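The residues making up each chain are set out below.
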Amino acid sequence: MKTRMTELLGIRYPIMQGGMQHLGVPELAAAVSEVGGLGTINVTIYPDPEDLRAAIKEVKKRTSKPFAVNITLIPSLRPGKELFDQVAVILDEGVTAVETAGASPQELADVLNAHKDQVKWIHKAACVKHAKKAEGMGADLITMAGYEVAGHPHTDGVGTIVLANKTAREVKVPVLAAGGISDGRGLLAALSLGCEGVVMGTRFVASKECWIHQNHKDWIVNANENDTVLCQKSIRNMVRVADNAAARKCLEMEAQGATLEKLMAVIAGKLGKAAYENGNVDGGMFAVGPACGLIHKIESCKEIIDGMAAEAEQGLARINGVYGK
Ligand SMILES: Cc1cc2nc3c(=O)[nH]c(=O)nc-3n(C[C@H](O)[C@H](O)[C@H](O)COP(=O)(O)O)c2cc1C
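Residues numbered from 1 in each chain as written. Predicted model: local features only at pLDDT ≥ 70, side-chain atom pairs only at ≥ 80, totals over all residues.

Peer 1: What should I look at first to understand the overall build of the chain in this one?
Peer 2: Secondary structure summary: the chain contains 14 helices and ten strands in total. In summary, the chain has a C-alpha radius of gyration of 19 Å against a globular reference of 20 Å for 325 residues, a match within 12%. Along the longest, intermediate and shortest principal axes, the C-alpha atoms of the chain span 55 × 50 × 40 Å. Looking at the 325 residues of the chain, the share that counts as buried comes to 51%. (Helix = DSSP H or I, 4+ residues; strand = E, 2+ residues; numbered from the N terminus. Rg over C-alpha atoms; globule rule 2.2 N^0.38 Å. Buried ≥ 20, exposed ≤ 12 C-beta atoms within 10 Å, placed from the backbone.)

Peer 1: Is there a simple way to explain the packing of helix 11 (residues 245-255) against helix 12 (residues 260-267) in this structure?
Peer 2: When two helices pack together, you describe them by how their axes are tilted relative to each other and by the distance separating the axes. The contact between helix 11 and helix 12 brings their axes to 9 Å, and the two run at 165°. Comparing the axis directions of helix 11 and helix 12 gives the class roughly antiparallel. Helix 11 and helix 12 meet at a crossing whose hand is right-handed. Taking contact as the criterion, the partners of Ala246, Lys249, Cys250 and Met253 in helix 11 are, on helix 12, Lys262, Leu263, Val266 and Ile267. Its residues assigned to classes, the contact of helix 11 with helix 12 comprises six nonpolar, no polar and two charged. (Axes fitted to C-alpha atoms, helices over the stretch in contact; angles between N-to-C directions. Parallel < 35°, antiparallel > 145°, perpendicular 65-115°, else oblique. Left-handed = near helix turned anticlockwise from the far one by under 90°. Contact = placed C-beta atoms within 7 Å. Nonpolar A, V, L, I, M, F, W, Y, C, P; charged D, E, K, R; others polar.)

Peer 1: Please clarify how the site of the ligand should be interpreted in this entry.
Peer 2: In the neighbourhood of the ligand, 31 residues make up the surrounding shell, with Gly18, Ala101, Ala150, Gly201 and Gly289 lying closest. Of all the secondary-structure elements, those providing two or more residues to the shell around the ligand are strand 3 (67-72), strand 8 (197-200) and helix 9 (202-205). Per element, the largest residue contribution to the shell around the ligand is three residues, and it comes from helix 9. Among the residues making up the shell around the ligand, the classes are represented as 14 nonpolar, 14 polar and three charged. Each of two domains, domain 1 (4-211) and domain 2 (214-291), supplies a minimum of three residues to the shell around the ligand. (Near = placed C-beta within 6 Å. Domains from an automatic or database assignment.)

Shown next, in the form of structure tokens:
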């Protein structure tokens, strides 16, 4: 499979594991990269630049293949003054891909553009306007995140199929589709829309290599596409999460006009992380997308990626058959 994504990033399959708070750690990123995708670790998990360096080294110990580092810029996760120290570590360690997300990446444009020969810059946007802006700033690839994404979609409610199609028509750099993609059919659809690859989160949460508790993986396998909800609209930080007790409590509190301070009792990241560890699937907010309705078993990253490539090929043969008749 060759697209501008695979060529630019030096990977075998046009499949990226998007950055994932708490879960984008070396074990998962390396597992994805080792089998030909693009794995990603998150700086938000390693606020201390030296911890980030250790994590990057750990990925390199596990795979010699390219991987990415995600820098999430939404105010609740944005690294503080250490941001530029983290970028310095990323460059110093020879990382070849960075994924920015969550807000305008303008503040990083100069440093990323100055190192274009080493590091490819992927910006994840959630509307066409922001995609074009990021292209103008110098991003090498754009991920278009549709309404179906786990985590933070745009509030305008436009789905991946329209956003990915339109973005691929309107920017010149390669576009990756994110949101609702979990299998070879989704990959083939993204390529048909003019995209050059896909970014997945939910599917990789349900992988053998993801450290999350088995209960959370089972939740995904047993969930259907209606089992996610959008919370935190009242605090202008909308997030798509599992429809669990924590999310329902959050919605109830928001309906009653709770302040951010009060909401922290249910949305705090440490609660979600503790739940990932102890397996209480209702114990915290759990970012997942409706792609969970398409996930029926827990597989290794190799099984996931090889399976997607094979299914995309079968799909293409099926389509060719339709047109051949
Ligand atoms: C558990 C989880 C945590 C996530 N955390 C982040 C994050 O910190 N930063 C980010 O840019 N995207 C984050 N995402 C979004 C993914 O990178 C990706 O864009 C999204 O999951 C794609 O949609 P899908 O889940 O339908 O595949 C997260 C997704 C999940 C499932």
